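What follows is each chain in one-letter form.
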Amino acid sequence: MSFKTKTILGIALIEALFLSILVWQSIDLLARSNQQALIRQAQETADLFGTQIKNALISSDLATLAEMTEQLTQRGAVRYVRVIDSRGELAISNLPDQPAWAFQKDDSFDALDDGVYDVSSEVTEAGFYLGTVQLGLPIQSLVEFISASRKTLIGIAIAELLMVALASFLFGLYLTRHLSKLTLQASRLAGGDLQVEHVPERGKDELAITARAFNNLAEAMKEARRTSAIKTAVYDASLDAIITTNDEGAIEEFSSAAESLLGWQRSEVVGQNIEPLLFPPEQRTEYLKRYREIIHAGSDNGPAERRESLILNKAGERIAVEISTASFTAHNRTYVTAFIRDIRQQLLQQEQLMDAKDKAEEASEAKSRFLSHMSHEIRSPLNAVLGAIQLVSREQLNPEQRKLISIAESSGSSLLTVINGILDFSRIESGAIESTTETVALEELTDNLLATAGHKIKSASVELVCQIADGVPGRAELDVSHTLQVIRNLLDNAIKFTDSGLICLTVDCEEPRPDEHYLVIQVSDTGRGIPAEHKQSIFEEFEQVYIRKDTLVGGTGLGLAIVKKLIDQMGGEIAVDSDVGKGTTFTVKLPVHWLPDECHCAPVKLAYTRALLLAGNPQFSFALENYLSKLGVDVQTFSDMNALLSSAGENSHNRTLVLIDDANLTESDENYSAYANLALDKVRLVRIAPGSFTLPRLPGERTLYKPLSCRTIRAVFEGQQANPAPASATEDYKFNGKRVLVVEDTVVNQLVITETLKHTGLLVDCANNGAEALEHLAAQPYDLVLMDLNMPVMGGLEAVTKLRACAGMNQSVPVIALTANAEYSEMSRCMAAGMNEFVSKPYNAPELMVVIDRQLNNSEATATIGQAIARPAEANDSEAKILNSETIHQLARETSYDALPMLLDSFLMELSLRISQIKEARDQQSLELLKAETHPLKSSSGTFGAQALQQCATQLDASLTQDNTQFADVRQSISTLLQLANETHKAFTRYKVDIAAEMP
């Protein structure tokens, strides 16, 4: 029976019940009300009739009494009447004929059996009994009325019941129309058909909620079946073997991949315990422990990390696999699924890969060692060659000799650039480059760049300038080392491809968003330019635009590739804009953190408000004019001397400064004397190069060395005065024709000694170690030998010992020991080896000259240990200075102020090389290489007054001398040394730039 039928029948039965009760109650109420009415009517009729016959009773008028009785029965409402008194019957009418009839008064209708309701009424008067009226009223009409009423009410109830049934049917049909559809779709769903129709969900009643729940259930079952199908497909198609076990360890599922891997069929293993089936005996304890942990964790246990293991196949063979497990709970039971992957091939490949990796690492390590050793073996003598070439280039040479020297210097510099480029690229490719953020003043950074790049410009037609935009903060935090390397490479590239015109380094800042700050660097030139088709490829390794056309510039094509990789590492970007024949501009943007500081363009107090500028390079003249204008200087430029002299005559006040390029001065020029006699202050712009000064400096004329830094230009226009050059410390000594051999492995020390001695008339030869010194001493006579002690190949003590042991022309030549170790034991060793004097580094010229003079002019005099010249003890850590300017001034006095820039350049070049070599020694953890670099470093740093660096190098060198020293013992000292070396390099670079503006 359907829900609809049950609903209709239920409603009908309820309605029938209530209607039955209603009809029954209505009929009962109607019968009772009519009975009561009949009872009242009968009693009232009897009472009224008694009243009417009262007089007849009083008068005993029987005739009247009989007539009235008859009249009452004839009306039909009364069946019979009987009047009696105490004496008997007085009158009767229609009395029943029944022989046994006797009057019996009825109190209710319940006991009626004759169809007549009997009542009586006593007739009294003034309290006296007159008689009794007995009458009976028929109830047939009442019974018929009640029966008819019953039939009517039952008919109405039946009709109503039918109408209710119809309404219930229609209403039930309306209510259950969706339920029927729901029933149909539910029957289909129960039969496994998931393609059921959507059941309408109108309203918010229970049926709508049920329909919604059914629809959700249907969709969930569809998704579950789809997911199940996918999982089944994945399960069957998985390359990994999948085995599911219950909480008792019995196998529930066994995939086809598991069958292929292990050799069992699913029907063979389902229900079997997995432990003895798959796991070797030695692994079963660990397996059971792990399995209990997984079961205990229950569904909270996610997929575990894969672990390698060995399992057994059907043949009992052990198979290397990776196993990962996951657990889930279903029907109050915990199941564990194991994903098993065959890794036999993978292990074989890994073994082959490890072999290949080991070989590759060995090859890479061999390459690194080769590059390191080759860089040391090539760069060290190459720097010596370049230093010697620079020294020779300052001598008086004929045109042919100068051409050859120029070719040698250019080729040596190119070779050094190639070597450095290859090493840098190798480090970047191997990931050995790390970014380190440092605080730097931008002017110091640009001054450093200008100082190093200016020496590389060989063409007098090319000028290098720097411009720092207004609003650029003075200090910033960035990767200083790599930023410098990027800009140096770009400047080198510009210098290489610019034959004439201007190279400009521009520094600016950019803030695209409040939280983003960039340092913007532009390097532009007026060189050959880059064709459009090569603009992207120039940043690729070994890519050169003019590789075929230009054989003069050389190179490996790594410079811009290194630049691009370094910029990417620092999180920046680089762009290039170029026109062939007009020039190229590289724009670099690097993330930076600006520090609160005054801007570069802070106002200055000018001593000179007007400038007269004569420069042969129009681009250089324009750039300098532009910068001076920003300072508030009124600049007037000239293209020739006549125009400048004409204007100078009109600007004779003392706030006018004349700036003239040294290349524009010619002594034979008729205007030169007029220029020399100008009453205005004069500054000559000179390039630092051999033969820079075409004419002697005029009295009061100051010199600015190009390239000009912003700070140097400001200093001049602020009126800072130059210090007069003191007299040379060697002027009192003349050793004309005497020949001295300087044995020193550090090029910069060779240069310093050479510059110190050449003014005394000594002829100076140099050797890099003891072995070379013996070759020189065997080839020609010498009057004196200055011998360093610690050198590669052969040290000074060994060389002197062999010199004294072999008969020869120089067996007795005086030898002065030069060493940074001033201890008594060291002095004793020198004297025992056959040395004549002992001078401790860093020495000063007067002390050295005293010893040299004693040995050359009084050969019989031999110093004792007590007479040996030793420098005072070094300052302690708190007193040691990064740069002792007094030592540098002393060095300038001992050599010459003209040679000081060259000497500082040589020291900075050697310091850069030492830093690089010490880093390589640190990376290789080579104590031998480290000692070979720190020993000469302490000597050269002491010579130039780098006290803190000398002290640190001395301590490290002493540690390396000990036999039981391990690399870990000196790791921190190496870091400290490198930090001091970098600080020293920055300080000496700033100092060199500053003194360029002060040199007379």
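These figures come from a predicted structure and were not determined experimentally.

1. A closer look at the overall build of the protein chain
Per the secondary structure count, the protein chain includes 29 helices and 27 strands. Per-residue burial for the protein chain yields a buried fraction of 46% across its 1000 residues. A fraction of 66% describes how many contacts in the protein chain between residues 6 or more apart in sequence connect residues 24 or more apart. Carbon and sulfur atoms make up 53% of the accessible area of the protein chain, which totals about 50,100 Å².

2. Things to note about the packing of aromatic side chains
Using the criterion set out here, one finds four aromatic pairs in the structure. Between the aromatic rings of F328 and Y335, the centroid separation amounts to 5.4 Å while the plane-to-plane angle is 15°, which identifies the pairing as stacked. Overall, F328 belongs to the partly exposed group, its relative accessible area being 37%. Pairwise contacts between aromatic rings join F907, F944 and F988 into one cluster.

3. Examining the environment of L777
Along the chain, L777 turns up in helix α21 (residues 770–779). For L777 and Q811, which are 34 residues apart along the polypeptide, the C-alpha to C-alpha distance reads 8.6 Å. Beyond its immediate sequence surroundings of up to four residues, L777 is in contact with L741, Y782, V785, L803, M809, N810 and V813.

4. Quick look at the sheet that holds strand β25 (residues 784–788)
In space, the five strands of this open sheet follow the order β24-β23-β25-β26-β27, with parallel pairing throughout. Strand pairing shows two members of the sheet lacking a second neighbour, β24 (763–767) and β27 (837–840), which therefore form its edges. Sheet twist, expressed as the average angle between the axes of neighbouring strands with direction ignored, equals 20°. Examined bridge by bridge, β25 and strand β26 (residues 815–819) share four bridges and lie parallel to one another. The residue of β26 that forms the bridge with M787 is A817. Strand contacts of α21: β23 (739–743), β24 and β25, with the helix running at about 160° to β23, the strand carrying the most contacts.

5. Observations regarding the packing of helix α14 (residues 480–497) against helix α15 (residues 559–569)
One way to put it is that α14 packs onto α15 with a least axis distance of 9 Å and a crossing angle of 150°. Between α14 and α15, the interaxial angle falls into the category roughly antiparallel. For the element pair α14 and α15, the recorded crossing hand is left-handed. Between α14 and α15, the residues in contact are H482, Q485, V486, N489, L490 and N493 and G559, L560, I562, V563, L566, I567 and Q569, respectively. Grouping the amino acids of the contact of α14 with α15 by side-chain chemistry returns seven nonpolar, six polar and no charged.

6. Remarks on a negative patch on the surface
A surface patch of like charges, here negative, comprises E351, D355, D358 and E362. By secondary structure assignment, the location of E351 is in helix α11 (residues 344–393).

7. Observations regarding the confidence of the model for the protein chain
In low-pLDDT segments, the atomic positions of the prediction should not be examined closely. Scored by pLDDT, the protein chain comes out at a mean of 78, with 81% of its residues at no less than 70. Considering only residues more than four positions removed or in separate chains, one finds that residues 689–693, a stretch of pLDDT under 50, has 10 contacts.

8. Structural notes on the state of the cysteines
Inspection of the entire model under this criterion finds zero disulfides. C710 forms no disulfide, and the closest cysteine sulfur to it belongs to C466, at a distance of 4.6 Å.

9. Examining empty space enclosed by the protein
Applying the stated criterion across every chain, the model contains eight cavities of 30 Å³ or more. A volume near 160 Å³ is recorded for the second largest cavity. In this structure, the second largest cavity is lined by 16 residues; those nearest its centre are F279, Y287, Y291, T325 and A338. The set of elements that each furnish at least two residues to the lining of the second largest cavity consists of β5 (241–245), α9 (274–278), α10 (281–297), β7 (307–312), β8 (318–330) and β9 (333–342). Ranked by residues supplied to the lining of the second largest cavity, first place goes to α10 with four residues.

10. Brief notes about the sheet that holds strand β15 (residues 573–579)
Two strands in a sheet stick together by hydrogen bonds in their backbones, pointing the same way (parallel) or opposite ways (antiparallel). Here we have five strands laid out as an open sheet, ordered β11-β13-β14-β16-β15, and mixed in their pairing. Looking along the sheet, the strands with just one partner apiece sit at the ends: β11 (462–468) and β15. Strand after strand, the sheet turns through a mean of 15° between neighbouring axes, direction not considered. Note: β15 against strand β16 (residues 583–591), seven bridges, orientation antiparallel. The partner of A575 across the bridge, within β16, is T587. Against the sheet, α15 engages β15 and β16, with an angle of about 145° to β15.

11. Overview of the packing of helix α20 (residues 747–758) against helix α27 (residues 927–943)
Across the interface, α20 lies against α27 with an axial gap of 9 Å and an inter-helix angle of 35°. Regarding α20 and α27, the two cross each other, and that crossing is left-handed. Touching V748, N749 and V752 of α20 are S939, S940 and T943, all from α27. Its residues placed into classes, the contact of α20 with α27 shows two nonpolar, four polar and no charged.

Conventions and cut-offs
Residues numbered from 1 in each chain as written. Predicted model: local features only at pLDDT ≥ 70, side-chain atom pairs only at ≥ 80, totals over all residues. Heavy atoms only, no water. Helix = DSSP H or I, 4+ residues; strand = E, 2+ residues; numbered from the N terminus. Buried < 20%, exposed > 50% of the residue type's maximum accessible area, 1.4 Å probe, protein only. Contact = heavy atoms within 4.5 Å. Areas by Shrake-Rupley, 256 points an atom, 1.4 Å probe, with all protein chains shown as cover. Phe/Tyr/Trp six-rings, centres within 6.5 Å; stacked < 30°, edge-to-face > 60°. Pairing = 2+ DSSP bridges. Axes fitted to C-alpha atoms, helices over the stretch in contact; angles between N-to-C directions. Parallel < 35°, antiparallel > 145°, perpendicular 65-115°, else oblique. Left-handed = near helix turned anticlockwise from the far one by under 90°. Nonpolar A, V, L, I, M, F, W, Y, C, P; charged D, E, K, R; others polar. Patch = residues over 30% accessible without salt bridge, like charges linked within 9 Å, V, L, I, M, F, W, Y side chains within 5 Å. Salt bridge = Lys/Arg side-chain N within 4 Å of Asp/Glu carboxyl O. Lys, Arg positive; Asp, Glu negative; His and termini not counted. Charge placed at Lys NZ, Arg CZ, Asp CG, Glu CD. pLDDT = per-residue confidence, 0-100. Disulfide = S-S within 2.5 Å. 1 Å grid on protein atoms, 1.4 Å probe; cavity = no way out; pocket = protein on both sides within 12 Å on 5 of 7 lines; lining within 4 Å. Points joined across faces, edges and corners; volume = space filled by probe spheres on them.

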